[in-house]
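Spelled out from the first residue to the last, the chains are:
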Amino acid sequence: MQNSPFENLLHEVYNKFLKEKKKNKKKAPAWVKDLKKIIQDQIDNQFTFDLKKISSDLEINPSYLSREFSKYFGDLNFGDYVRKLRIEKAISLIQNSTYSLTEIAYMTGFSDQSHFTRIFKIHTGKNPSSYRKKKQKSNSNTKSK
């Protein structure tokens, strides 16, 4: 007895799912945890992440680190991952503090507010001041109900 096309498709999808699950179960190397800690420790500084120095600290070849990075950090390259973390922190500060946008820019490791504004807009589609105004407006609407 031959399987129906639907059954064949179902088996194919299931087998792809199992392969992907096995691939994702692959344990991350120890350097991944160490690198996350290094990045978290330095994310607030106006520190330029030096991949050569970091790879030396981790005792890993810089080319290998650069090539393997995206596998363990959400398909992002090193610079994009750091910017993503900085913007996530900036969003939290915008939502939960009264710091000025200039202060937030420096607190999240950007060298100046214009660079911060440009990167923020790329990631969120809004500039930080519009984002803050929208958030304040939604908070005041929530409070008045």
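Residues numbered from 1 in each chain as written. Predicted model: local features only at pLDDT ≥ 70, side-chain atom pairs only at ≥ 80, totals over all residues. Heavy atoms only, no water.

**With respect to the overall build of the chain**
Next, step 1: Check the secondary structure of the chain and you find 8 helices and 0 strands.
Next, step 2: Scored against the burial criterion, the 145 residues of the chain give a buried share of 26%.
Next, step 3: The contacts of the chain with a sequence gap of at least 6 include a subset with a gap of at least 24, amounting to 57%.
Next, step 4: Summed over all atoms, the accessible surface of the chain reaches about 10,500 Å², with 52% contributed by carbon and sulfur. (Helix = DSSP H or I, 4+ residues; strand = E, 2+ residues; numbered from the N terminus. Buried < 20%, exposed > 50% of the residue type's maximum accessible area, 1.4 Å probe, protein only. Contact = heavy atoms within 4.5 Å. Areas by Shrake-Rupley, 256 points an atom, 1.4 Å probe, with all protein chains shown as cover.)

**Description of the nonpolar core**
Next, step 1: The biggest cluster of nonpolar side chains holds 17 residues, and the ones touching the most others in it are Trp31, Leu35, Ile39, Ile54, Phe69, Phe73 and Phe78.
Next, step 2: Among the elements of the structure, helix 2 (30–42), helix 3 (51–58), helix 4 (62–72) and helix 5 (78–96) are those that each provide at least two residues to this core.
Next, step 3: If sequence neighbours within four positions are ignored, Phe73 has contacts with Trp31, Val32, Leu35, Lys36 and Tyr81.
Next, step 4: Among the nonpolar cores identified, the runner-up in size contains 13 residues, and Ile87, Ala90, Phe110 and Phe120 belong to it. (Core = buried A, V, L, I, M, F, W, Y, C linked by side-chain atoms within 4.5 Å.)

**Examining a nonpolar patch on the surface**
Next, step 1: A cluster of nonpolar side chains, Tyr14, Phe17 and Leu18, forms an exposed patch at the surface whose accessible area comes to about 310 Å².
Next, step 2: One can find Leu18 in helix 1 (residues 5–25). (Patch = residues over 30% accessible without salt bridge, like charges linked within 9 Å, V, L, I, M, F, W, Y side chains within 5 Å. Salt bridge = Lys/Arg side-chain N within 4 Å of Asp/Glu carboxyl O.)

**Considerations on helix 4**
Next, step 1: Looking at helix 4, one finds that the buried residues are Leu65, Glu68, Phe69 and Tyr72. For helix 4, the angular spread of the buried residues around the axis is 135°, confining them to a single face. Along helix 4, the residues that are exposed and aim more than 90 degrees away from the buried face are Arg67 and Lys71.
Next, step 2: Packed against the buried residues of helix 4 are helix 2, helix 3 and helix 5.
Next, step 3: Residue Asn61 occupies the N-cap position of helix 4, its side-chain oxygen lying 2.7 Å from the main-chain nitrogen of Ser63.
Next, step 4: Backbone geometry just after helix 4 places Gly74 at a positive phi near 60°. (Arc of directions from axis to C-beta. Polar contact = N/O pair within 3.5 Å; in protein donor to acceptor, adjacent residues only side chain to side chain.)

**Quick word on the packing of helix 2 against helix 5**
Angle between the axes and distance between the axes are the two parameters that describe a pair of packed helices.
Next, step 1: The interhelical angle for the contact between helix 2 and helix 5, taken along N-to-C directions, is 50°, at an axis separation of 11 Å. With respect to their mutual orientation, helix 2 and helix 5 come out oblique. When you trace helix 2 past helix 5, the crossing you get is right-handed. Contacts between helix 2 and helix 5 involve Leu35, Ile39, Gln40 and Gln42 from the first element and Phe78, Tyr81, Val82, Leu85 and Arg86 from the second. (Axes fitted to C-alpha atoms, helices over the stretch in contact; angles between N-to-C directions. Parallel < 35°, antiparallel > 145°, perpendicular 65-115°, else oblique. Left-handed = near helix turned anticlockwise from the far one by under 90°.)

**With respect to the side chain of Ser55**
Next, step 1: Residue placement: Ser55 occurs in helix 3.
Next, step 2: Discounting residues that sit within four places of it in the chain, Ser55 has contacts with Ile60, Asn61, Pro62 and Leu65.

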